[in-house]
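# A structural walkthrough
Spelled out, the chains give:
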Amino acid sequence: MNKVLIFETIRSKFEIKNKLKKYFTDIEEIEKSYFKNYWSYEQILSHFISSNSHNLYIKLGDKIISYCLCIANDEFIEILKIATIQSHRERGFAISLLDKVEEFGINNSLKKVCLEVDETNNSAINLYNKKGFRIDGLRKKYYKNSNTNAVLMSKNI
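Here we summarise the structure given alongside this text. These numbers were taken from a predicted model, which means no experiment stands behind them. (Residues numbered from 1 in each chain as written. Predicted model: local features only at pLDDT ≥ 70, side-chain atom pairs only at ≥ 80, totals over all residues. Heavy atoms only, no water.)

### Comments concerning the packing of aromatic side chains
Considering all chains together, one arrives at 5 aromatic pairs under this definition. Seen in terms of ring centroids, Tyr23 and Tyr57 are 5.7 Å apart; in terms of plane orientation they differ by 45°. Their pairing is tilted. Of this pair, Tyr23 sits in helix H1 (residues 13–34) while Tyr57 is found in strand S2 (residues 53–60), placing the two residues 34 residues apart along the sequence. Assigned by exposure class, Tyr23 and Tyr57 land together as buried. (Phe/Tyr/Trp six-rings, centres within 6.5 Å; stacked < 30°, edge-to-face > 60°. Helix = DSSP H or I, 4+ residues; strand = E, 2+ residues; numbered from the N terminus. Buried < 20%, exposed > 50% of the residue type's maximum accessible area, 1.4 Å probe, protein only.)

The structure is reproduced here in structure tokens:
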């Protein structure tokens, strides 16, 4: 088995288009497998080149197996997407990514990490609870494809 590494993405448009572009297809495949409201290849690329995006991924060999897409401002970092392919779940990859997001927040003097999660995604909610996230509220009927609520969660760092 190849060594598993965590990489922070490079924000240069040139490097994204020429070095990381092949990984966007991996992320898109994971998105389509797990999210009803998945991001397309173009949305993923657009997010990566955004000036305030902060993105992490875990690669096994030459394939992305887990990723976390975030956006940061002056006060907090928001997790927009986090996922791990099914065959590699429950091995601590999401926890490692959450730890790296917190580390980034602390190193950049941010006050909290925020996210929203579908109320039916019990495994994710349990993970976030274990990591110290607390429920801040609900967005009623937020997910149009399933008509379910979004649970708003955050953690002070």
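### What about the pattern of salt bridges?
Per the stated rule, a full pass over the model turns up 8 salt bridges. For Lys155, the salt bridge goes to Glu102, with nearest N and O atoms at 2.8 Å. One end of the pair, Lys155, is in strand S7 (residues 148–156); the other, Glu102, is in helix H3 (residues 93–107), and 53 residues separate them in sequence. The partner of Glu116 in a salt bridge is Arg139, with the nearest N and O atoms 4.0 Å apart. Of this pair, Glu116 sits in strand S5 (residues 112–118) while Arg139 sits in strand S6 (residues 134–143); the two residues are 23 residues apart in sequence, bridging distant segments of the chain. Look at Arg139 and you get partly exposed, because its relative accessible area is 35%. Several salt bridges converge on common partners, so that one network encompasses Asp26, Glu29 and Lys63. (Salt bridge = Lys/Arg side-chain N within 4 Å of Asp/Glu carboxyl O.)

### Thoughts on helix H2 (residues 41–48)
Among all positions of H2, only Tyr41, Ile44, Leu45, His47 and Phe48 are buried. Projected down its long axis, H2 shows its buried positions confined to an angular sector of 160°, all on one face. (Arc of directions from axis to C-beta.)

### Some thoughts on H3
Each α-helix winds once per 3.6 residues, and so residues spaced three or four apart point in a common direction. With 15 residues, H3 extends 21 Å between its outermost C-alpha atoms, agreeing within 8% with the 21 Å of an ideal straight helix rising 1.5 Å per residue. Here H3 has its buried residues at Phe93, Ala94, Leu97, Leu98, Val101, Glu102, Phe104 and Gly105. Positive phi shows up at Ser109, right after H3, with a value of about 55°. (Expected span 1.5 Å × (residues − 1).)

### Some details on the environment of Glu42
The topology assignment puts Glu42 in helix H2. For Glu42, a relative accessible area of 56% puts it in the exposed group. Spatially, the C-alpha atom of Glu42 lies 8.9 Å from that of Phe24, the residues being 18 residues apart in sequence.

### Regarding the pairing of S6
In terms of burial, S6 is a largely surface element, 1 of the 10 residues being buried. As paired strands, S6 and S7 are joined by 6 bridges and run antiparallel to one another. Its bridge partner lying in S7, Arg134 is registered against Ser154. Connecting S6 to the antiparallel partner S7 that follows it, the hairpin turn spans 4 residues, and Asn147 within it adopts a positive phi of roughly 60°. (Pairing = 2+ DSSP bridges.)

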